[in-house]
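Close look at the chain arrangement
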Amino acid sequence: MRATFEATPNIAVVKYWGKRDEKLILPTEGSLSFTMDETLKTRTTVVYSKKFKADSFWLNGQKIDLSDKETAERLQLLDVIRRKAGIQDKAHIASLNCFPTAAGFASSAAGLAALSCAASMAAGLKLNPRETSMLARLGSGSACRSVLGGFVEWKKGVKADGSDSFAEQVAPATHWPEIRNVIAVVDATKKKVSSRAGMKQTVATSQLYKARLAYLPGLIHDMKKAVLAKDFETFGELTMRESSNMHAVMLDTWPPILYLNDHSKDVMHAVNEFNANGIQAAYTFDAGPNAHVYTTKNQAGAVQKMLEEIPGVTETLVCGVGNGPKRLETGHLLDESGNVIPHAFNQSKGIVFT
Ligand code: DP6
């Protein structure tokens, strides 16, 4: 009844921003992303036992308060797993973010993907990727895409019970292995408006949101076509325009939501200048000011240098495309009785057990 998995974040090029069902986390539209390689990853161990009185969760070695409403909502997938497995045992969960910098990278997708894999395996369930994706979705929408590697589509689905809303691989990581994401950190602090609260407000108030919903199905079709054809020029233009479209509806939300800062705008200008003779780099911004600049392997060094020269960019990091979650047989964060094996992430040594 113990399992350990590692999962990695994904960065969308057609973004999810709005729910049609807030409890089941069903989106208003589909989305597309690349799952990142292990430059950024989260390791999670889950143990179930009849001896545990309550679920317990340690994040980066710190015990987390599970009475918090949002945390409880995100962990609803544990009850779904128990129901499916026919068990009532409580769980101990330990999760460690292995990110090489202190910057505020989005970690919920990697964390909840690793949790869905580890928690279902430890409960004795043998789920297919589709079922695991639906579990991850209950924790955080974008996490359903991190259950698969390569280029991934989250299908919005139409059913009220969410049984047709899951992620599917469009192409494996080997399809376009040259793709890189150069991350430029301009602000490492936690965002003021969470994605969950922000997208709810957008759906409720933005006038432009209707236009976005009308634009997305065609965009998803065109983006898949560009990636399958490895047409970077088209992929890049669609990616940048989509990022701006999402940030436009955020600004059109009332009260307005502004995730980009002046440094983000400097990145946009610098990338556009870099692309003067054809698109070789494409920025995209999630619910925060840090830039994800997609490019290809032979341009990654030049893109990184260009980003590092922008005043306000404090760190850069180059990620490739990854294969999705993997199960580990060693390196568990909990012993078989569910006690925490003291651990930490060290920038130069990786995960260390103390
Ligand atoms: C801008 O998946 O974090 O990164 O489902 O409420 O947990 P919840 O939201 P979340 O939203 C991610 C928003 C985004 C776009 C994307 O990744 O598609």
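Scoring rules and cut-offs
Residues numbered from 1 in each chain as written. Predicted model: local features only at pLDDT ≥ 70, side-chain atom pairs only at ≥ 80, totals over all residues. Heavy atoms only, no water. Near = heavy atom within 4 Å. Areas by Shrake-Rupley, 256 points an atom, 1.4 Å probe, with all protein chains shown as cover. Helix = DSSP H or I, 4+ residues; strand = E, 2+ residues; numbered from the N terminus. Nonpolar A, V, L, I, M, F, W, Y, C, P; charged D, E, K, R; others polar. Axes fitted to C-alpha atoms, helices over the stretch in contact; angles between N-to-C directions. Parallel < 35°, antiparallel > 145°, perpendicular 65-115°, else oblique. Left-handed = near helix turned anticlockwise from the far one by under 90°. Contact = heavy atoms within 4.5 Å. Buried < 20%, exposed > 50% of the residue type's maximum accessible area, 1.4 Å probe, protein only. Polar contact = N/O pair within 3.5 Å; in protein donor to acceptor, adjacent residues only side chain to side chain.

Attention now moves to the site of the ligand. In the region of the ligand, 17 residues are neighbours, and Y16, K19, S140, G141 and S142 sit closest. Within the complex, the protein chains bury 94% of what would otherwise be the 460 Å² of accessible surface of the ligand. No other element matches the three residues that helix 5 (residues 195-205) contributes to the shell around the ligand. Among the residues forming the shell around the ligand, the class breakdown is seven nonpolar, four polar and six charged.

Turning next to the packing of helix 2 (residues 76-85) against helix 3 (residues 108-122). Relative to each other, helix 2 and helix 3 sit at 25 degrees, their axes nearing to 10 Å. Of the possible angle classes, the one that applies to helix 2 and helix 3 is roughly parallel. Here helix 2 runs over helix 3; the crossing is right-handed. For the pair helix 2 and helix 3, contact is made by L77, L78 and I81 and by L112, L115, S116, A119 and S120, respectively. For the contact of helix 2 with helix 3, a count of residues per class yields six nonpolar, two polar and no charged.

Relative to the helices and strands, E178 is located in the loop between strand 11 (167-171) and strand 12 (179-185). In this structure the C-alpha to C-alpha distance between E178 and P255, which are 77 residues apart in sequence, comes to 41 Å. Once you skip the residues sitting within four places of it in the chain, E178 turns out to touch K230, T295, T296 and K297.

Glancing now at the side chain of T71. Structurally, T71 is set in helix 1 (residues 69-74). A relative accessible area of 17% places T71 in the buried class. There is a polar contact of 2.6 Å between the side chain of T71 and the side chain of D68. If sequence neighbours within four positions are ignored, T71 has contacts with I64, D65 and L66.

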